[in-house]
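# Architecture and fold: a report
One letter stands for each residue in the lines below.
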Amino acid sequence: MSALGDYMFEKFIWPKKRIVHQMIGSLPMGGAVTGSPIYAFEVTPDLLKFTSQPSLQTRKNEIDLGGKLAFLIDDVITDSEANHIIAASEILGYREDAPGIATPPGMRMNKSVHWIADESMLGLIMSRIRKFLPIEISGHHLHSELSHRINMYRYDNKDVFKQHIDGDWPGYGLDESRTLMNEWPGYRSCLTMLLYLNGPEDGVQGGHTKLLHDDGYWVDIIPKKGSALFFRHGFGVDSVSHIGDQVIGDVSKYVARINVMYS
């Protein structure tokens, strides 16, 4: 089970949540749910108004997959910021269904919550990583903002995401009234950013991300709290096949997929 008490900040009053969009959502063992929700908070929670963190020593480490694009960036967020994102996701509420995600039965065996975050959080994250991101991919130019839609996954005991390739997505944000999700015209994602919100230091066992090397073997990435894994996605020859390995034990793994956008 999730270590909920470690992240909930009982003295903090979270703003109300609202549904800003609904889609057909897939279930882990097959089937679909109509009206699978995407959430936002009515106002920006104070805990998600990130500020400059001079103590972070953000750095990039390339990953050899035989030619495909993949790399790690360490120290993207602080431990406290990671805990705040986990708390927000638990307030919004995890579900079995995942909106707009189509997976075969038995592939995605975890819990999901999708929500629209604010530039006050994602803009600070982008400012820390932008210098490490490819300026151009396949003729497409890096956008100044990360998509505001965050796909979060909680892996409880025995949960796994079997081998798959991430699709590319439009960018999304909120309208001015914060009541509707908007699609960004002219932009498409080229990179998955997997932001690790906890790891072995928090008691997570298993849950490694495995990336498929061109030579057919798996490269094992151990989740590290506050770091982010980036790799090429979309259904082309350059996309990286990967696995979210099974979690073992009572401490859940939390990870946020954020899309890096290109024009």
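Given the structure is predicted, the values throughout are model-derived calculations rather than measurements.

### A look at the overall build of the protein
Regarding its fold elements, the protein presents two helices and 18 strands. Here the C-alpha atoms of the protein give a radius of gyration of 17 Å, agreeing with the 18 Å that 2.2 N^0.38 yields for 263 residues. With respect to the three principal axes, the spread of C-alpha positions in the protein is 50 × 40 × 40 Å. Burial status across the protein gives 56% buried among its 263 residues.

### Some remarks on the pattern of salt bridges
Oppositely charged side chains are able to pair whenever their charged atoms sit close together. Taken as a whole and judged by the stated rule, the model has 17 salt bridges. Its salt-bridge partner being Arg-59, residue Asp-74 comes within 3.9 Å of it at the nearest N-O pair. Here Arg-59 lies in strand S3 (residues 59–62) and Asp-74 lies in strand S4 (residues 70–74), a separation of 15 residues in the sequence. For Asp-118, the salt bridge goes to Arg-178, with nearest N and O atoms at 2.7 Å.

### Thoughts on the packing of aromatic side chains
Under the criterion given, the structure shown has six aromatic pairs. Between the aromatic rings of Phe-41 and Trp-115, the centroid separation amounts to 6.4 Å while the plane-to-plane angle is 75°, which identifies the pairing as edge-to-face. Of this pair, Phe-41 sits in strand S2 (residues 32–41) while Trp-115 is found in strand S7 (residues 111–116), placing the two residues 74 residues apart along the sequence. Accessibility classification places Phe-41 together with Trp-115 in one group, the buried group. Plain terms: the ring middles of Phe-71 and Phe-230 are 4.9 Å apart, the flat faces sit at 10° to each other, and that makes the pair stacked. Of this pair, Phe-71 sits in strand S4 while Phe-230 is found in strand S16 (residues 228–232), placing the two residues 159 residues apart along the sequence.

### A few points about the sheet that holds strand S15 (residues 218–221)
One open sheet accounts for five strands, arranged S6-S10-S17-S14-S15; its pairing is antiparallel. Strand pairing shows two members of the sheet lacking a second neighbour, strand S6 (108–109) and S15, which therefore form its edges.

### Observations regarding the side chain of Asp-166
Topologically, Asp-166 is positioned in the loop between strand S10 (160–164) and strand S11 (171–174). What makes Asp-166 buried here is its relative accessible area of 7%. For Asp-166, the side chain forms a polar contact with the side chain of Thr-192, separated by 2.8 Å. The residues contacting Asp-166, other than those within four sequence positions of it, are Thr-192, Phe-231, His-233, Gly-234, Phe-235, His-242 and Arg-257.

### Some points on the nonpolar core
Looking at soluble globular proteins, one finds that nonpolar side chains tend to be buried together. In terms of nonpolar packing, the biggest core is built from 44 residues, with Ile-85, Trp-115, Met-121, Ile-125, Met-193, Leu-195 and Leu-197 touching the most fellow members. The dominant element in this core, judged by the number of residues it contributes, is helix H1 (residues 79–92), at six residues. Beyond its immediate stretch of four places on either side in the chain, Ile-85 contacts Leu-48, Phe-50, Ile-77, Trp-115, Met-121, Met-152, Leu-195 and Leu-197. Ala-70, Met-107, Trp-169 and Leu-194 belong to the second-largest nonpolar core, a separate cluster that totals 27 residues.

The rules behind the values
- Residues numbered from 1 in each chain as written.
- Predicted model: local features only at pLDDT ≥ 70, side-chain atom pairs only at ≥ 80, totals over all residues.
- Heavy atoms only, no water.
- Helix = DSSP H or I, 4+ residues; strand = E, 2+ residues; numbered from the N terminus.
- Rg over C-alpha atoms; globule rule 2.2 N^0.38 Å.
- Buried < 20%, exposed > 50% of the residue type's maximum accessible area, 1.4 Å probe, protein only.
- Salt bridge = Lys/Arg side-chain N within 4 Å of Asp/Glu carboxyl O.
- Phe/Tyr/Trp six-rings, centres within 6.5 Å; stacked < 30°, edge-to-face > 60°.
- Pairing = 2+ DSSP bridges.
- Polar contact = N/O pair within 3.5 Å; in protein donor to acceptor, adjacent residues only side chain to side chain.
- Contact = heavy atoms within 4.5 Å.
- Core = buried A, V, L, I, M, F, W, Y, C linked by side-chain atoms within 4.5 Å.

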